[in-house]
4 protein chains.
Amino acid sequence: MAPHWLPHLLGVDVLKHLNVALIGAGRMGMTHGRVLAGVQGVNVVAVCDNKMAAAAQVAQAFGARAVTELTAVLQDPGVEAVIVTTPTPTHAEVVARAAQAGKAIFVEKPVADTLVAAERVVAAVARAGVPCQVGFQRRYDPAYLEAKRRIEAGELGALEGFQGVGRDPAAPALKFLKTSGGLMVDMGIHDLDSARFFLGEVAEVYCSGGALAYPELAEHGLFDTAVATLRFISGAVGTVEVALRAPYGYDIRVEVWGEKGRLRIEKERQHFVTYLGEDGVWHDYPRNFEERFPEAYAAEIRAFAENVRAGRPVTPGPEDARESLRLALAAQHSLETGALVKVQAFGRKENT
Amino acid sequence: MAPHWLPHLLGVDVLKHLNVALIGAGRMGMTHGRVLAGVQGVNVVAVCDNKMAAAAQVAQAFGARAVTELTAVLQDPGVEAVIVTTPTPTHAEVVARAAQAGKAIFVEKPVADTLVAAERVVAAVARAGVPCQVGFQRRYDPAYLEAKRRIEAGELGALEGFQGVGRDPAAPALKFLKTSGGLMVDMGIHDLDSARFFLGEVAEVYCSGGALAYPELAEHGLFDTAVATLRFISGAVGTVEVALRAPYGYDIRVEVWGEKGRLRIEKERQHFVTYLGEDGVWHDYPRNFEERFPEAYAAEIRAFAENVRAGRPVTPGPEDARESLRLALAAQHSLETGALVKVQAFGRKENT
Amino acid sequence: MAPHWLPHLLGVDVLKHLNVALIGAGRMGMTHGRVLAGVQGVNVVAVCDNKMAAAAQVAQAFGARAVTELTAVLQDPGVEAVIVTTPTPTHAEVVARAAQAGKAIFVEKPVADTLVAAERVVAAVARAGVPCQVGFQRRYDPAYLEAKRRIEAGELGALEGFQGVGRDPAAPALKFLKTSGGLMVDMGIHDLDSARFFLGEVAEVYCSGGALAYPELAEHGLFDTAVATLRFISGAVGTVEVALRAPYGYDIRVEVWGEKGRLRIEKERQHFVTYLGEDGVWHDYPRNFEERFPEAYAAEIRAFAENVRAGRPVTPGPEDARESLRLALAAQHSLETGALVKVQAFGRKENT
Amino acid sequence: MAPHWLPHLLGVDVLKHLNVALIGAGRMGMTHGRVLAGVQGVNVVAVCDNKMAAAAQVAQAFGARAVTELTAVLQDPGVEAVIVTTPTPTHAEVVARAAQAGKAIFVEKPVADTLVAAERVVAAVARAGVPCQVGFQRRYDPAYLEAKRRIEAGELGALEGFQGVGRDPAAPALKFLKTSGGLMVDMGIHDLDSARFFLGEVAEVYCSGGALAYPELAEHGLFDTAVATLRFISGAVGTVEVALRAPYGYDIRVEVWGEKGRLRIEKERQHFVTYLGEDGVWHDYPRNFEERFPEAYAAEIRAFAENVRAGRPVTPGPEDARESLRLALAAQHSLETGALVKVQAFGRKENT
């Protein structure tokens, strides 16, 4: 079997591209731009950013046109799909407009910054009947997929627990942190989404943390490190560890256990090279998300393009993503208040 | 350098033994009996158990005498030290009497079943001025010692967190479980003691769990699986996962992280043999505590014997062990009530 | 740093393609077809095979035209480069003609089936002054590149030795084996090329083997398993193990050692997933060359395209490849005759 | 199951010792002294060395008597067994005398320095009918035993090959090297004995090497690095790499492969601790034979004592050890002459 990210010759038609517009040419826009450059079957025809210089820089690499007005993209019948990488607070507005314009939509996580806004996305997408995929790329990582396959094949038996670790090598700029929604929302949401992906919905979350790596964050009420316990609706339990800094690199781990065994996901090295020297044995470690998840970022976009092209459903959709947001907001609330939070009720009153 | 658990030739005097009595010939007594048979420098001269058959069986292997009365052992001037492996609720009484008799004491963990009883041990030992070591054998495991050494050498910088996993391959008998003090006290205490060993005292613990592996335990109010978050006085945080069952064996792990790095302790295989076959790559895993901690059980006894013989302090002592018990009881309380527990205040009123 | 096989956004111009023709649509042609479908910057405009059906099948996937006559490709000014994956005995003829036509050339290993033919390739390429790269893809594997980088940075000090293992999961068809030039030429050449890549030219080779996995090969004078010792001109020594069958998958390993340390290259797992179950610990292993070397096959073609486009030299070139062929033929001679073979003199008389 | 080197309580009778004399208090005598101090069931009652100071130093640790005359030991009826760790050239004489005196004998490897002398040992032991075990301790290593068990259980199917690596951290003194019999005899014999242990007798050996780590050895005609190919009588093949220096420690590896799979033996770390820091991932490596083989040295002595006590055969015996010596001498001959050597005929004329 060829690795799933190597397109098979038969069945691949490299000429039938999906024409996409990239909306947002900031940090995640750049990341997706790099990814798109390596994905067959996707044609970047336009790049939109309210800063023309940013849009132009990315657009140039693709021979695409750069625009500052979203309307120009949405009215263009040559744009079949949009890839939304704007700041989180704008997601709901952009997605709603793109849905109304009938575009297929790929939007970065989190789907929105509030549950109210997430509901707006869900509603707009449902109304328009367009495909909408949210960017939880880990679900497309070969290791996560392999683990999921094994779990569904019953290799663990009934599931009993989850352990997640998510550490970035270093914190982003304070300016970003202050508007990101908090540690558990911006970053922990990935690990919490993985918990849901493998074990289903969470009933209770307790979260504790501090500003340990960057004590200055405390002045802003921010956290850089947190630990949490989860109790799933199924009765299973779990722990999550999240941090903005890991001196050794980008540490993303998942363990799922059940009555028959335990699966551990970790990219424990970057290169398949081991050095033995006077001081012992050494190998490298992934340093950032591009080293850890290159296949996953490409695979989620490729799956999006193929499924849109084929008229198949895309996943995860906005309702699924809203539940990961609910869990993340609940964890953040626990972190900030010290309260044990019932997840399924959390944020429900926001909708009333 | 020879492995530290291989006695060095020079400095070893295999003739000068410490004469000990083994008090308690049940499950842990058998374990310590097996260990003692392999430790140079310790002579088992008596075995005491209120069941003569049990005492006799162990005693015979050592050519020791079997007795049923503790007094007979404590009055014997040929007994220099006692190794106490009786049921936990009897520890305080046995240790107090041994202390009064002037014997050096090694007592299995937990030091007692209640904080009041633990205080009684502390007081009796202090009054008698005898050496008293509590059996947290993991502190003597080569890997734990190596990790401790590296941490104290500053390899992690300021410490930020702890992750502990402790899983037995299978639950002991229900009868034992019902009187063991609960999951976090009988079993979790090891992992919580490790947390204290590496990161110091804990301020808060939150614990959640269930009867997932053995649902029938729920009828008895017992848990077989628990997860916890810890907040240390230093500000560091941590998670602990404890379970009575691991289908794959005996899974004991510690991770400690800090500003400069992270240390991971895991005996990830039992034999240094790897098999590559049609289905992939395979190796074994430790199946029980005797496979995981053979050096540690021997090393703690050897350290006890050498330190007693040399008049040096033994460690961990009863006050240290009392604090691990406090943390374990606090975690058990959280597990049973769902409350976040302040550890340092916990059980203090018991003493008033 | 982004993984080196993820094209960086800046500097990537996805519109400027190199237009290539694929010559040969057999087994390796299919492999390169799959690879080409995933490499940005290369446009397959024609596929040539003397079997029209084979050519058409591959061509269709690229929207390229299928031809059976090499002349049609070589006369087409729209074809800038050719990728030659025809049977080895035809390499010299095809490459010579392509060189004469002024095309940039990528040719699969081995560069030819005899040293005389290899010389013909070297001469034709030199005369035409065209770029010519031979397909030793392992040299472009991220692990090999990382190891090479470390060695050149002096991490091993003076080099002392090499250990190579190369095992296919299962033998190709007997028909192919009978015309492949033998175990050390068709397959061992990769490992021997790696030896040269890391430690330079070889002075002596001794090779021993048998038909152990497929005893029926013995009737045809064929070997499926061989071991060799190498003595390099530098004085370093090495071992090589080659086999047509490995029940556990595709086992390609290199170790290089020197005065300061040792580097080991092995892709010891395919997915970053570990399973712990009743029988111990398990993970998968690469099953074939597409699982082991997906980045390498893409990277060698990408490097070829980029270097041709930029007017930079390509590597390894035909002279380099001829020396790997010389070593492989010498090893094969030793395997068949039991003689210790002086490599540098081997085959020299063929040229006189 | 308890680790096999932890004496089981039942069945262990710590009082019934085998009374042994240690003959030779040099480097290997010290090693065995350290080991003996940790083995239950063996009583060192005398230490014999022609240097009284050396004998006395070791004897003191055991409360044993020190002697300089072998006769004094052999005439002592209180000495049941001797452990011979004198220089190799004296083995035959010492063993023959001990056999004549009716002592059970444990003798360090190699059994003798020449095949003639080895025959003398075989004959003397056969004549006296005493137990005689030769010190190939690797055969008692838990990993080797586990691998052997799996092979005998058929997990590899028909055996096809062997790969051995044996590297010391640093060379012994030149004085020792000059009288040690050469690289393949003093050191390589361990790896060659492993080859025989797993795959049976060897038909042909070719060996090549140099003085790469210590160029000054070349002046004395000595080698510090060698590689070899083996062809077994069964048709299987193999490679061996031997070196006096490994900057990273003590590197002893065995791989055995067959039709169904491959087994790899390597102690790839000393402590079960992994450090993740700024520079990547790190763990330690065994630095010397005492770190690699502590269980093995103890296990071979324990097995010797138990088997002697129980009247069971001991293994490996002198005939087995003679064949490992034959193979080692053949390899050394190949290394020195460049000839391919037929092993089974090698040295036969020495006996005529």
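All figures in this text were calculated on a predicted structure; none of them were measured in a lab.

1. Observations regarding the overall build of chain A
Item 1. Broken down by element type, chain A carries 12 helices and 15 strands.
Item 2. Its C-alpha atoms give chain A principal-axis dimensions of about 55 × 50 × 45 Å.
Item 3. Here chain A holds 352 residues, and the buried ones make up 59% of them.
Item 4. Taking the contacts inside chain A whose residues are at least 6 apart along the sequence as the reference set, 71% of them involve residues at least 24 apart.

2. Thoughts on the environment of B:Arg139
Residues and elements named next belong to chain B.
Item 1. With respect to the element layout, Arg139 can be found in the loop between β6 (132-135) and α6 (142-152).
Item 2. Sequence spacing of Arg139 and Ala296 is 157 residues, and the spatial spacing of their C-alpha atoms is 7.6 Å.
Item 3. Not counting residues up to four positions away in its chain, the partners in contact with Arg139 are Tyr144, Phe197 and Pro316.

3. Some details on the sheet that holds strand β6 (residues 132-135) of chain D
Residue and element names in this part refer to chain D.
Item 1. Reading across from one edge, β3-β2-β1-β4-β5-β6 is the order of the 6 strands in this open sheet, with parallel pairing throughout. This sheet does not close on itself; its edge strands, each paired only once, are β3 (65-67) and β6. Ignoring strand direction, the axes of neighbouring strands in this sheet form an average angle of 25°.
Item 2. By the bridge criterion, 6 bridges tie strand β1 (residues 18-23) to strand β2 (residues 42-48) in an arrangement that is parallel. Looking across to β2, one finds that Leu22 is bridged to Val47.
Item 3. Packing against the sheet, helix α1 (residues 27-36) makes contact with β1, β2, β4 (81-84) and β5 (104-108), and its axis sits at approximately 160° to β1.

4. Section: the pairing of strand β13 (residues 273-277) of chain A
A regular strand carries its side chains on alternate faces of the sheet.
Item 1. Buried residues dominate β13(A), accounting for 4 of its 5 residues.
Item 2. Two strands pair when backbone bridges link them, and β13(A) and strand β12 (residues 261-266) of chain C are joined in this way by 5 bridges, in the antiparallel orientation. Looking at β12(C), one finds that A:Thr274 is bridged to C:Arg264.
Item 3. Counting the residues that bridge the hairpin from β13(A) to strand β14 (residues 280-283) of chain A gives 2 residues.

5. Topic: the sheet that holds strand β4 (residues 81-84) of chain C
All names here are of chain C.
Item 1. Strand order across the open sheet formed by 6 strands is β3-β2-β1-β4-β5-β6, with parallel pairing between neighbours. Both outer strands of the open sheet, β3 (65-67) and β6 (132-135), are each paired with one neighbouring strand and no more. Geometrically, the sheet is characterised by an average inter-axis angle of 25° between neighbouring strands, direction not taken into account.
Item 2. Of the strand pairs in this sheet, strand β2 (residues 42-48) and β3 are connected by 3 bridges, and their pairing is parallel. Note that in β3 the partner of Cys48 across the bridge is Val67.

6. A closer look at the domain arrangement of chain A
All names here are of chain A.
Item 1. According to the domain assignment, chain A contains domain 1 (18-138 + 300-305 + 308-317) and domain 2 (141-292 + 321-351).
Item 2. Measuring from the centre of the C-alpha atoms in domain 1 to the corresponding centre in domain 2 gives 26 Å.
Item 3. In terms of residue count, helix α5 (residues 115-128) provides more of the side of domain 1 that touches domain 2 than any other element does, 5 residues in total.
Item 4. For the side of domain 1 that touches domain 2, the class distribution of residues is 10 nonpolar, 2 polar and 4 charged.

7. Re helix α12 (residues 318-337) of chain B
All names here are of chain B.
Item 1. Its 20 residues give α12 an end-to-end C-alpha distance of 28 Å, which sits within 8% of 28 Å, the value for a rise of 1.5 Å per residue.
Item 2. Buried residues dominate α12, accounting for 16 of its 20 residues.
Item 3. Two residues or fewer past α12, Gly338 is found with a positive phi of approximately 80°.

8. Let's talk about the packing of helix α4 (residues 91-100) of chain B against helix α5 (residues 115-128) of chain B
Residues and elements named next belong to chain B.
Item 1. Interaxial distance between α4 and α5 falls to 9 Å at its minimum, and their mutual angle equals 5°. Put simply, α4 runs roughly parallel to α5. For the pair formed by α4 and α5, the contact residues are His91, Ala92, Val95, Ala96, Ala99 and Gln100 on the first element and Ala117, Arg120, Val121, Ala124, Val125 and Ala128 on the second.
Item 2. Across the contact of α4 with α5, the residue classes break down as 9 nonpolar, 2 polar and 1 charged.

9. Regarding the packing of α1(D) against helix α11 (residues 294-310) of chain D
Two packed helices can be described by the angle between their axes and the distance between those axes.
All names here are of chain D.
Item 1. The contact between α1 and α11 brings their axes to 9 Å, and the two run at 75°. Our classification of the angle between α1 and α11 gives roughly perpendicular. Contacts between α1 and α11 involve Thr31, Val35 and Leu36 on the former and, on the latter, Tyr297, Ala298 and Ile301.
Item 2. A breakdown of the residues in the contact of α1 with α11 according to their chemical character gives 5 nonpolar, 1 polar and no charged.

10. Considerations on helix α9 (residues 188-199) of chain D
Residue and element names in this part refer to chain D.
Item 1. Compared with an ideal rise of 1.5 Å per residue, which puts 12 residues at 16 Å, α9 spans 16 Å between its outermost C-alpha atoms and is within 8% of the ideal.
Item 2. Every buried residue of α9 is accounted for by Gly188, Ile189, His190, Asp191, Leu192, Asp193, Ser194, Ala195, Arg196, Phe197, Phe198 and Leu199.
Item 3. Within two residues after α9, Gly200 carries a phi angle of roughly 85°, on the positive side.

11. Considerations on the environment of C:Ala213
Item 1. Here C:Ala213 lies in the loop between β8 (202-210) and β9 (225-232).
Item 2. With 22 C-beta atoms counted inside 10 Å, the residue C:Ala213 sits in the buried group.
Item 3. Residues C:Ala213 and C:Asp224 lie 11 residues apart in sequence; the distance between their C-alpha atoms is 6.4 Å.
Item 4. Setting aside residues no more than four positions away along its own chain, C:Ala213 makes contact with C:Asp224, C:Thr225, C:Ala243, C:Leu244, C:Arg245, D:Glu160 and D:Glu259.

12. What about the environment of C:Val58?
Residue and element names in this part refer to chain C.
Item 1. By the secondary structure assignment, Val58 is in helix α2 (residues 52-62).
Item 2. Judged by the 27 C-beta atoms lying within 10 Å of it, Val58 is buried.
Item 3. When the C-alpha positions of Val58 and Arg34 are compared, they lie 9.2 Å apart, and in sequence the two are 24 residues distant.

13. Description of unusual backbone geometry
Item 1. With an omega dihedral of 0°, the bond running from C:Thr315 to C:Pro316 counts as a cis peptide bond.
Item 2. By secondary structure assignment, the location of C:Pro316 is in the loop between α11 (294-310) and α12 (318-337).

14. Some details on the pairing of β6(C)
Residues and elements named next belong to chain C.
Item 1. Side chains Cys132 and Val134 of β6 all project onto a buried face; the interleaved residues Gln133 and Gly135 project onto the opposite face, where all are buried too.
Item 2. Of the strand pairs in this sheet, strand β5 (residues 104-108) and β6 are connected by 4 bridges, and their pairing is parallel. The residue bridging Val107 from the neighbouring strand is Val134, located in β6.
Item 3. In this fold, the crossover linking β5 to β6 by way of helix α5 (residues 115-128) has right-handed handedness.

15. With respect to the confidence of the model for chain A
Residue and element names in this part refer to chain A.
Item 1. For chain A, per-residue confidence averages 93 on the pLDDT scale, and residues scoring 70 or more make up 94% of the total.
Item 2. Low pLDDT, under 50, characterises residues 1-15; the predicted model gives this stretch 34 contacts beyond four residues in sequence or across chains.
Item 3. Across the whole predicted complex the pTM is 0.94, and at the interface the ipTM reaches 0.93.

Parameters and conventions
- Residues numbered from 1 in each chain as written.
- Chains lettered and ligands numbered in written order.
- Predicted model: local features only at pLDDT ≥ 70, side-chain atom pairs only at ≥ 80, totals over all residues.
- Helix = DSSP H or I, 4+ residues; strand = E, 2+ residues; numbered from the N terminus.
- Buried ≥ 20, exposed ≤ 12 C-beta atoms within 10 Å, placed from the backbone.
- Contact = placed C-beta atoms within 7 Å.
- Pairing = 2+ DSSP bridges.
- Axes fitted to C-alpha atoms, helices over the stretch in contact; angles between N-to-C directions.
- Domains from an automatic or database assignment.
- Nonpolar A, V, L, I, M, F, W, Y, C, P; charged D, E, K, R; others polar.
- Expected span 1.5 Å × (residues − 1).
- Parallel < 35°, antiparallel > 145°, perpendicular 65-115°, else oblique.
- Right-handed = clockwise from strand over helix to strand, strands pointing away.
- pLDDT = per-residue confidence, 0-100.

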